[in-house]
Amino acid sequence: MEINSAAGKPADPSILVNIPRLITAYYAQQPDVSVAAQKVAFGTSGHRGSSFSNSFNEWHILAITQAICLYRKHQKIEGPLFLGIDTHALSEPAAVTALEVLAANEVQVMIAENNEYTPTPAVSHAILTYNKDRKEGLADGIVITPSHNPPDDGGFKYNPTNGGPAGTEITQWVEKKANEFLENKLQGVKRMLYEKALRVSTTHRFDYLNHYVNDLKNVLNLDIIRDSKILIGADPLGGAGVHYWGPIADRYKLNLKVVSDIVDPTFRFMSVDWDGKIRMDPSSPYAMQRLIGMKDKYDISVACDTDHDRHSIVTKSVGLMPPNHYLATCIFYLLQHRPAWKSNVAIGKTVVSSRMIDRVTKKLNHALYEVPVGFKWFVDGLIDGSLGFVGEESAGASFIRLNGEVWTTDKDGFIPALLAAEMTATLNKDPGEIYKGLAAELGESTYDRVEAAATPEQKAKLSKLNPDQITQKTMAGEKITGVLTRAPGNQAPIGGLKLETENGWIAARPSGTENIYKIYAESFLGRDHLNLMLQEAQAIVDAALK
């Protein structure tokens, strides 16, 4: 992975997206459905693209929203649809377009009071609390966000009645119908003027903020955080939770300071990511330079990405915690400080997350549930309480309530961030110190993830890697003990390949949200061993791309 010379530095004005041109392209340009990259395509978390590349334009949103309306009718989903947006520039116009279609289809829509931005977890939480104890008239939702993607991207995600990201069987149905609408020049799409859509009886205002904030006491021990007086610095990164952190601090009397409430769709306040792009990625040390700079000012410093479904943790002891380290620490803490959870509750992880999670889970005598990348795989286990904590290496996680019931079935950046303060107050050690103790006992993990640009055709090749392509018997001097194309937990395809040895593993897969591929590697034998594995993994990828 070639690191751009601007990585980690303040964004140069020359790379800032031209917002007026971006919005103009959304309305003025139309996708060419004969071009694969311009069709509706649901990745691991909805349809994403840019209006500049004709992959996220008004026609896409008209078609997808009408397809969702048809899906609701097909499934007899008759409750309200909770609609939320983040702070990306394309989210506002997409929300307008979506409401025009939803209102014309007589869908009961819940939009935020005061046109507030809406974090992904607040939408999932609203769906689940509405549907609790209901058998009919169930609610679902749409979250308009490309998550941590660059400022010129837009995203459109459907969350069905289970509150989590839609599964493949749903997204394929919606994708197929939406592309049919595009091919037929939007024939069959219902729509009304936005001003009328706001006034119809089916459009309602909903207080997402207080509905979510007032319930936080049931998933976290906020009293111990309050009493400890731990100083928390929270950076919303100009995202959808920008106005949530203040009310959280006020409601629970926390010693929490919001370091910035600026919302700027160019995200000019970010430091540049590894490839020279602006990206609000909480797992990237290049993007998190502002948060890293807060290390000595606060006991715990936290940030969340643009839709607040991912977290970033900085501690005084170690600075920015790698996501895998923090996930392992959360598991270690929660399994010992949630007495109402089922004694046999399991831990969920993705196949590209650290083996340290496996070791911590085994140490505490709990089962591990390992799935492909994508939070949708955790939904059922969170709903029935069989999964207590679930997480992925890209800093996405959620966990169940204090009483063992479901909290959200989508990623939640707020609760892992606040958990860092809870565990510090309870154990009198910050998460960095706790992880050091785990590594001393269970082994020191060295982990890396590298990324590179990839065309859609190259991504398709990588997703079809199979064991027959692997002729080698060893990797970095160790015998290969496993060649996986399916996840151990549910036997679902991982969309790539994973090789395992006694002391390490590598995996290669295309991104489901951007035109890049990712290579993951972990070693318990140190950096030199990890580098050898990365070299061999790159050779496998290069051969596949040829």
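Preceding block: the structure.
Calculation rules
Residues numbered from 1 in each chain as written. Predicted model: local features only at pLDDT ≥ 70, side-chain atom pairs only at ≥ 80, totals over all residues. Heavy atoms only, no water. Helix = DSSP H or I, 4+ residues; strand = E, 2+ residues; numbered from the N terminus. Rg over C-alpha atoms; globule rule 2.2 N^0.38 Å. Contact = heavy atoms within 4.5 Å. Areas by Shrake-Rupley, 256 points an atom, 1.4 Å probe, with all protein chains shown as cover. Lys, Arg positive; Asp, Glu negative; His and termini not counted. Charge placed at Lys NZ, Arg CZ, Asp CG, Glu CD. Salt bridge = Lys/Arg side-chain N within 4 Å of Asp/Glu carboxyl O. Buried < 20%, exposed > 50% of the residue type's maximum accessible area, 1.4 Å probe, protein only. Core = buried A, V, L, I, M, F, W, Y, C linked by side-chain atoms within 4.5 Å. Axes fitted to C-alpha atoms, helices over the stretch in contact; angles between N-to-C directions. Parallel < 35°, antiparallel > 145°, perpendicular 65-115°, else oblique. Nonpolar A, V, L, I, M, F, W, Y, C, P; charged D, E, K, R; others polar. Expected span 1.5 Å × (residues − 1). 1 Å grid on protein atoms, 1.4 Å probe; cavity = no way out; pocket = protein on both sides within 12 Å on 5 of 7 lines; lining within 4 Å. Points joined across faces, edges and corners; volume = space filled by probe spheres on them. Phe/Tyr/Trp six-rings, centres within 6.5 Å; stacked < 30°, edge-to-face > 60°. Lys NZ or Arg CZ within 6 Å of the ring centre and 35° of its normal.

S.K.: Pulling in residues and values, what's your account of the overall build of the chain?
M.R.: When its secondary structure is counted, the chain shows 17 helices and 23 strands. Computed over its C-alpha atoms, the radius of gyration of the chain comes to 22 Å, within 12% of the 24 Å expected for a compact globule of 546 residues. Taking the principal axes of the C-alpha coordinates as reference, the chain spans close to 65 × 60 × 50 Å. The contacts of the chain with a sequence gap of at least 6 include a subset with a gap of at least 24, amounting to 71%. By element, 48% of the accessible surface of the chain is carried by carbon and sulfur atoms, the whole surface being about 20,900 Å². Taken together, the 57 basic and 63 acidic charged side chains of the chain have centroids lying 2 Å from each other.

S.K.: A description of the pattern of salt bridges should follow, citing residues and the corresponding values.
M.R.: Across all of its chains, the model carries 27 salt bridges by this definition. Arginine 268 is the partner of aspartate 264 in a salt bridge, and the nearest nitrogen-oxygen pair spans 2.9 Å. Accessibility expressed as a relative area gives 46% for arginine 268, which makes it partly exposed. As a salt-bridge pair, aspartate 358 and lysine 349 come within 2.8 Å of each other at their nearest N and O atoms.

S.K.: Give a detailed account of the nonpolar core, specifying residues and quantitative values.
M.R.: The nonpolar side chains of a soluble globular protein tend to be buried, and buried together. Ranked by internal contacts, the top residues of the largest apolar core, which has 78 residues, are Tyr208, Leu216 and Trp245. With residues up to four places along the chain from it excluded, the contact list for tryptophan 245 reads Ala234, Pro236, Leu256, Val258, Val302, Cys304, His308, Phe414, Ala417 and Leu418. One finds Leu83, Ala98, Val107 and Ile144 within the second-largest nonpolar core, a separate group that totals 50 residues.

S.K.: Residues and numbers for the environment of tyrosine 435, please.
M.R.: As for its placement among the helices and strands, tyrosine 435 is situated in helix H15 (residues 431–442). The exposure class of tyrosine 435 is buried, given its relative accessible area of 5%. Considering only alpha carbons, one finds tyrosine 435 and alanine 328, 107 residues apart in sequence, at a separation of 7.6 Å. The contact partners of tyrosine 435, leaving out residues within four places of it in the chain, are Met321, His325, Ala328, Thr329, Met356, Glu444 and Ser445.

S.K.: Describe the packing of helix H11 (residues 323–334) against H15, listing the residues and the values that go with them.
M.R.: For the pair H11 and H15, interaxial distance at closest approach is 9 Å and the crossing angle is 85 degrees. In this view, H11 runs roughly perpendicular relative to H15, as classed from their interaxial angle. Contact residues: H11 offers His325, Tyr326, Ala328, Thr329 and Phe332, while H15 offers Pro431, Ile434, Tyr435 and Leu438. Counted by class, the contact of H11 with H15 contains seven nonpolar, two polar and no charged residues.

S.K.: Explain helix H3 (residues 91–104) to me, using residue names and the numbers behind them.
M.R.: Taking 1.5 Å per residue, 14 residues should reach 20 Å; H3 reaches 20 Å between its end C-alpha atoms and fits that length. Counting buried positions over the 14 residues of H3 gives eleven, a clear majority of the element. When H3 is considered as a whole, its buried residues turn out to be Ser91, Pro93, Ala94, Ala95, Thr97, Ala98, Leu99, Glu100, Val101, Leu102 and Ala103. Remark: glutamate 106 follows H3 within two positions and exhibits a positive phi of approximately 60 degrees.

S.K.: I'd like a rundown of empty space enclosed by the protein, residues and numbers included.
M.R.: Counted under the stated rule, the structure contains two cavities of 30 Å³ or more. Taken as a whole, the second largest cavity holds about 60 Å³ of empty space. Forming the walls of the second largest cavity are Pro282, Ser283, His311, Ser312, Ile313, Leu320, Met321, Pro322, Pro323, Tyr326 and Ala395. Among the secondary structure elements, those contributing two or more residues to the lining of the second largest cavity are strand E11 (311–315) and H11. Among the elements that line the lining of the second largest cavity, the one with the most residues is E11, at three residues.

S.K.: Tell me about helix H14 (residues 414–427), and please be specific about residues and values.
M.R.: Here H14 spans 20 Å end to end across 14 residues, near enough to the 20 Å set by a 1.5 Å rise per residue. In terms of burial, H14 is a largely internal element, eleven of the 14 residues being buried. Taken as a whole, H14 has its buried residues at Phe414, Ile415, Pro416, Ala417, Leu418, Leu419, Ala420, Ala421, Glu422, Met423 and Thr424. Positive backbone phi, at 60 degrees, marks asparagine 428, one or two positions downstream of H14.

S.K.: Quick rundown of the packing of aromatic side chains? Include the residues and the values.
M.R.: By the definition in use, this model includes 17 aromatic pairs. Consider the rings of tryptophan 245 and phenylalanine 414, whose centres lie 5.0 Å apart with planes at 50 degrees: the pair is tilted. Note that tryptophan 245 is positioned in helix H9 (residues 245–252) and phenylalanine 414 in helix H14, a separation of 169 residues in sequence. Owing to a relative accessible area of 0%, phenylalanine 414 belongs among the buried residues under this scheme. Aromatic ring contacts, followed pair by pair, group Tyr212, Tyr244, Trp245, Trp407 and Phe414 into a single cluster. Sitting over the face of the ring of tryptophan 173, lysine 177 holds its NZ or CZ atom 5.6 Å from the ring centroid. The ring of tryptophan 505 is capped by lysine 498, whose NZ or CZ atom sits 4.5 Å from the centre of that ring.

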